[in-house]
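Observations on the model geometry
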Amino acid sequence: VAVYHGVRRLAQTRRDCRFYALETAPHYRRYIGAFDVLCAAVRARFDPRPSVLVASLDVRGCYAALAAHASQLVWFRRLFVVFSA
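Residues numbered from 1 in each chain as written. Predicted model: local features only at pLDDT ≥ 70, side-chain atom pairs only at ≥ 80, totals over all residues. Heavy atoms only, no water.

Along the protein, the regular secondary structure elements total 5 helices and 0 strands. Along the protein, helices (α) and strands (β) appear in the sequence α-α-α-α-α when read from the amino end. Counted over contacts in the protein with a minimum sequence separation of 6, partners at least 24 positions apart contribute 28%. In the structure as shown, the protein presents an accessible area of about 7,700 Å², 62% of it carried by carbon and sulfur atoms. Charge-centre separation for the protein: the mean point of 13 positive side chains lies 4 Å from the mean point of 5 negative side chains. (Helix = DSSP H or I, 4+ residues; strand = E, 2+ residues; numbered from the N terminus. Contact = heavy atoms within 4.5 Å. Areas by Shrake-Rupley, 256 points an atom, 1.4 Å probe, with all protein chains shown as cover. Lys, Arg positive; Asp, Glu negative; His and termini not counted. Charge placed at Lys NZ, Arg CZ, Asp CG, Glu CD.)

This is the structure in structure tokens:
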């Protein structure tokens, strides 16, 4: 949080640099899977800010990425990978 606020303040003083921030998707959008692509496209059409959508429908690949870091593969993330893809 402190880094975000520090960079935000820097962005207000430096006009020659571009700064980007990630927005967390609301909980309901995390579990609607491929339908979220449609939601993001509609939002991008009406929101003047630039946006990028990164999605993976490769459930096995997502699961393998989490499995590579055993501390990250907890029960609720297993459910998230299964239900969000």
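Let's pick the thread back up.
The subject of this paragraph is a nonpolar patch on the surface. Together, Tyr31, Trp75, Phe76, Leu79, Phe80, Val82 and Phe83 give the surface a local cluster of nonpolar side chains, amounting to about 770 Å² of exposed area. Structurally, Phe80 is set in helix 5 (residues 75-84). (Patch = residues over 30% accessible without salt bridge, like charges linked within 9 Å, V, L, I, M, F, W, Y side chains within 5 Å. Salt bridge = Lys/Arg side-chain N within 4 Å of Asp/Glu carboxyl O.)

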